[in-house]
Amino acid sequence: MAEAGSFAERVKQQADIVRVIGEYVRLKKSGQNFTGLCPFHAEKSPSFAVHPVKQIYHCFGCGAGGDVFKFVMEIDKVAFPEAIRVVAEKCGIAIPRPKASSPEERKENQQRTLLVEMHREAQTFFLQQLGGTPEGKAARAYLEDRGLDKDAIARFGIGYAPSGGDVLLRFLKLKYKEPLLIESGLVSRDQSGGARMYDRFRRRITFPIANESGKIVAFGCRALGDDQPKYLNSPETPIYSKSNVLYHLDRAKEALRRADFAVLVEGYMDAIAVARAGISNVVASCGTSLAEPQIKLLSRFTKRVIVNYDPDTAGQLATERSISLLLENDFEVRVLALPAMNLTAGDGTKYSKNADPDLYIREMGIEAYTKLLKDAPPYVDYLIGRARHMDLSTGEGKLRAVNFLLPYVQKIPNRLLRSEWATRIAQQLRLEEPVLRAALSKAAAERRSGLRVAPELVGRAAKPVERRLIRMLVEADSFRRELAQRLGDAGLSAGLETEKVFTALIAANLAGGTIEATEIAAALEERDRRMLFEILFEESSELTWEEAESCIESLQNRQMERALAEVQRSIEANPASVEMRSLLAKKQELMKRLAAGR
């Protein structure tokens, strides 16, 4: 690749391949070579060798090999020109400035260089403010209260922007001109059109935001008091575009390669908390929207992601948008939705609170978070769980839930996966599976965003067994009260399309007296009222207790089938061994009961 006499050839001649690879792999001298565990495949015994004389590497396990540039291209997922720059920087080789094609381009390059330099100096200023001023002392106390000790503050470069309106401005004006100060995003101008300039960040904790190569290009800041907004980030500048940067990626690259999955959180405090918990393969989108360039950037290191955004409404919407974008880019996606925490206030009052990763780790501990992360379910189960919170008591409500899930189905090109989706959706939303699968497949093929209301999709309003039992609860005077008692005690109507009708009739029968269909109907919603009258107007054969017992048995079997499906889903989630044994025993018991009842 490196042509004779080129800069690349000069870098290759001067570079020490052992030194470069040694930053990624722990190498040990072995004869004339160096050996270590291969970074390109999992192994327990070292089969990766580096030849310092020939300046090459080779893995005797997976066959990977090449020169220093090839190694950097493979390990950092970069193109050849970028690999040359990386190797040169690691070896302290001066990189010649590229010839600009025009005065404008030269000016832009110079401006970007100065802006990076300015941000480095601003970082030094913020660190000094945190470490050596009275205001900084208050900021350190706040950070300590959030669980950040001295080592964590130093590790993540956390600083402090003072409350004075132009302290940073006066510091930077000694070296930089006014137009560049405004361009940097560190300084703002009076919105009224005046000439007055002031610091953008005031009385705020500062978090440096670095690009992939580790250069600080922006800051994220949190208000120390009640100032609004609570969080304030740098604006778009010539060196910073929010959609092209992932917070903590510069530190997480090696961990991402090693673990082959990323934990995606929302903000810098969450990323810091997760990283301090020993999970270094964490990155933050710094906001509630994950952008396409951020996904492309992440895909250079892994194609597997666990999304762990905040549990509030904005976080849930951001999770759904992120899943959609990640699927479009062929990522394997899981979702961690942190459960609500039961906490105790200072006065002893107990309360429940939703938690972001930072708060959850501080309150519940690292082990609890790590276990939840390990057990994070596939995105399909998360989305179905969201759909189950919708009103599923009517066919129309079920259709809305299907339409919520459909855009994600459309993004799955694999027919087998779409079929698996259909099975899970049908089981959890209690729809007719063959019809649903056909409808989803057709919608995905036609790229439609919704399904039309179809009677066969939502099913008949009531199955024959339910219709006969409803008739009995109204007309079988000799045994309707006993029937109501049996149905009510066993909760056999729970989850049925006819549940509300059954509930009203069971209550009326247990209350005693005659059953007036018009009074029952008056307490029902329009859909259920029409269903009741439709059933009562059907022609009917004789109603017997033997038939009632047969119908009860049918509902019991359906109830056990739903329970069995739920147990099977829990088993597929691969829980801990104790819980798994309990689930397997429960599955066996349900299967025996179903077999005995058939």
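Up top you'll find the structure we're talking about.
Predicted, not measured: the structure shown is a model, and the values here were computed from it.

Quick look at the overall build of the protein chain now. Tallying secondary structure elements over the protein chain gives 27 helices and 17 strands in all. Relative to the globule expectation of 25 Å for 598 residues, the C-alpha radius of gyration of the protein chain, 32 Å, shows a markedly less compact shape. For the protein chain, the spread of C-alpha atoms along the principal axes amounts to about 100 × 65 × 50 Å. Among the 598 residues that make up the protein chain, the fraction classed as buried is 46%. For the protein chain, restricting intrachain contacts to residue pairs at least 6 apart in sequence, the fraction spanning at least 24 positions comes to 62%. For the protein chain, the computed accessible surface area is about 30,500 Å², with 51% contributed by carbon and sulfur atoms.

Running from N to C, helix H23 (residues 499–510) and helix H25 (residues 526–536) point in directions that differ by 70 degrees, and their axes come no closer than 9 Å. It follows from the interaxial angle that H23 and H25 lie roughly perpendicular. Note on element contacts: H25 touches H23 through Asp-528, Met-531 and Leu-532, opposite Lys-500, Val-501 and Leu-505. Within the contact of H23 with H25, the residues separate by chemical class into four nonpolar, no polar and two charged.

This part is about the pairing of strand S14 (residues 304–307). Where strand S12 (residues 262–265) and S14 come together, three bridges link them in parallel fashion. Among the inter-strand pairings, Ala-262 is bridged to a residue of S14, identified as Val-305. Two strands pair when backbone bridges link them, and S14 and strand S15 (residues 332–335) are joined in this way by four bridges, in the parallel orientation. Bridged to Val-307 within S15 is Val-335. Remark: the S14/helix H13 (residues 313–328)/S15 crossover connection has right-handed handedness.

With that settled, consider the state of the cysteines. Structurally, a disulfide amounts to a covalent bond that connects the sulfur atoms of two cysteines. One pass over the structure, following the stated rule, counts zero disulfides. In this model Cys-59 remains outside any disulfide bridge; the closest cysteine sulfur is found in Cys-38, 3.6 Å from its own. Classification of Cys-59 as buried rests on a relative accessible area of 1%.

With that out of the way, let us pick up the sheet that holds strand S4 (residues 56–59). An order of S1-S2-S3-S4-S5 is seen for the five strands of this open sheet, with the pairing classed as antiparallel. At either margin of the open sheet sits one strand with a lone partner, and together these are strand S1 (28–30) and strand S5 (65–66). Against the sheet, helix H3 (residues 68–76) contacts strand S3 (48–51), S4 and S5, and its axis sits at roughly 50 degrees relative to S4.

Let us now look at the side chain of His-51. If you trace the backbone, His-51 turns up in strand S3. Relative accessible area serves as the criterion here: at 14%, His-51 is assigned to the buried category. Within the structure, His-51 has its side chain in polar contact with the backbone nitrogen of Lys-54 (distance 3.1 Å). Beyond its immediate sequence surroundings of up to four residues, His-51 is in contact with Ile-17, Gln-32, Asn-33 and Ile-56.

So, on to the sheet that holds strand S9 (residues 204–210). Taken in spatial order, the four strands make up an open sheet running S6-S9-S10-S11, and their pairing is antiparallel. What marks the edges here is a single partner per strand, and that holds for strand S6 (159–161) and strand S11 (231–233). Across this sheet, the average inter-strand angle for adjacent strands is 35 degrees, counted without regard to direction. Packed onto the sheet, helix H5 (residues 103–132) meets S6, S9 and strand S10 (216–223) and runs at close to 35 degrees relative to S10.

With that settled, the discussion passes to the packing of aromatic side chains. Evaluation of the coordinates by the stated rule reveals 15 aromatic pairs. The interplanar angle of 65 degrees and the centroid separation of 5.8 Å between the aromatic rings of Phe-125 and Phe-126 together place this pair among those described as edge-to-face. Given a relative accessible area of 4%, Phe-125 falls into the buried group. Measuring from centroid to centroid gives 6.0 Å for Tyr-231 and Tyr-268, while their planes differ by 70 degrees, and the two rings are edge-to-face. Placement of the pair is Tyr-231 in strand S11 and Tyr-268 in helix H11 (residues 268–276), with a sequence separation of 37 residues.

This part is about the nonpolar core. Considering soluble globular proteins, one finds that nonpolar side chains tend to be buried as a cluster. Within the largest apolar cluster, 68 residues are counted, with the highest numbers of intra-cluster contacts made by Ile-158, Leu-186, Ile-205, Tyr-247 and Tyr-369. Not counting residues up to four positions away in its chain, the partners in contact with Leu-186 are Met-118, His-119, Ala-122, Leu-168, Leu-172, Leu-181, Asp-199, Arg-200, Phe-201 and Phe-219.

Turning to the environment of Lys-371, a few remarks are in order. One can find Lys-371 in helix H15 (residues 366–374). Judged by its relative accessible area of 45%, Lys-371 falls in the partly exposed class. Spatially, the C-alpha atoms of Lys-371 and Arg-321 are 25 Å apart, while their sequence positions differ by 50 residues. Engagement of the side chain of Lys-371 in a polar contact is seen with the side chain of Asp-375, the distance being 2.9 Å.

The next subject is the pattern of salt bridges. Going through the model one piece at a time under the given rule, you end up with 24 salt bridges. The salt bridge partner of Arg-257 is Asp-76, with a shortest N-O separation of 2.9 Å. Placement of the pair is Arg-257 in helix H10 (residues 249–259) and Asp-76 in helix H3, with a sequence separation of 181 residues. By relative accessible area, Arg-257 is classed as buried at 16%. Residue Lys-371 is joined to Asp-375 by a salt bridge in which the shortest nitrogen-to-oxygen separation is 2.9 Å. It is possible to trace a salt-bridge network through shared partners that takes in Glu-82, Arg-85, Glu-89 and Lys-215.

To continue, consider helix H18 (residues 415–429). Under the 1.5 Å per step criterion, the end-to-end length of H18 is 21 Å for 15 residues, consistent within 8% with the ideal 21 Å. Listed in full, the buried residues belonging to H18 are Arg-418, Trp-421, Ala-422, Arg-424, Ile-425, Ala-426, Gln-428 and Leu-429. Arg-430, located one to two residues past H18, shows a positive phi value of around 60 degrees.

Mapped onto the secondary structure, Leu-483 falls in helix H22 (residues 480–490). Distance from Leu-483 to Leu-469, taken between C-alpha atoms, is 8.5 Å for residues 14 residues apart in sequence. Once you skip the residues sitting within four places of it in the chain, Leu-483 turns out to touch Leu-469, Met-472, Leu-473, Trp-545, Ala-548 and Ile-552.

If you trace the backbone, Arg-334 turns up in strand S15. For the pair Arg-334 and Val-305, spaced 29 residues apart in sequence, the C-alpha separation works out to 6.3 Å. If near-sequence neighbours (up to four positions away) are discounted, Arg-334 is found in contact with Val-305, Ile-306, Val-307, Leu-373, Lys-374, Ala-376, Pro-377, Pro-378 and Tyr-379. A distance of 3.2 Å separates a polar atom in the side chain of Arg-334 from the backbone oxygen of Lys-374.

Criteria and thresholds
Residues numbered from 1 in each chain as written. Predicted model: local features only at pLDDT ≥ 70, side-chain atom pairs only at ≥ 80, totals over all residues. Heavy atoms only, no water. Helix = DSSP H or I, 4+ residues; strand = E, 2+ residues; numbered from the N terminus. Rg over C-alpha atoms; globule rule 2.2 N^0.38 Å. Buried < 20%, exposed > 50% of the residue type's maximum accessible area, 1.4 Å probe, protein only. Contact = heavy atoms within 4.5 Å. Areas by Shrake-Rupley, 256 points an atom, 1.4 Å probe, with all protein chains shown as cover. Axes fitted to C-alpha atoms, helices over the stretch in contact; angles between N-to-C directions. Parallel < 35°, antiparallel > 145°, perpendicular 65-115°, else oblique. Nonpolar A, V, L, I, M, F, W, Y, C, P; charged D, E, K, R; others polar. Pairing = 2+ DSSP bridges. Right-handed = clockwise from strand over helix to strand, strands pointing away. Disulfide = S-S within 2.5 Å. Polar contact = N/O pair within 3.5 Å; in protein donor to acceptor, adjacent residues only side chain to side chain. Phe/Tyr/Trp six-rings, centres within 6.5 Å; stacked < 30°, edge-to-face > 60°. Core = buried A, V, L, I, M, F, W, Y, C linked by side-chain atoms within 4.5 Å. Salt bridge = Lys/Arg side-chain N within 4 Å of Asp/Glu carboxyl O. Expected span 1.5 Å × (residues − 1).

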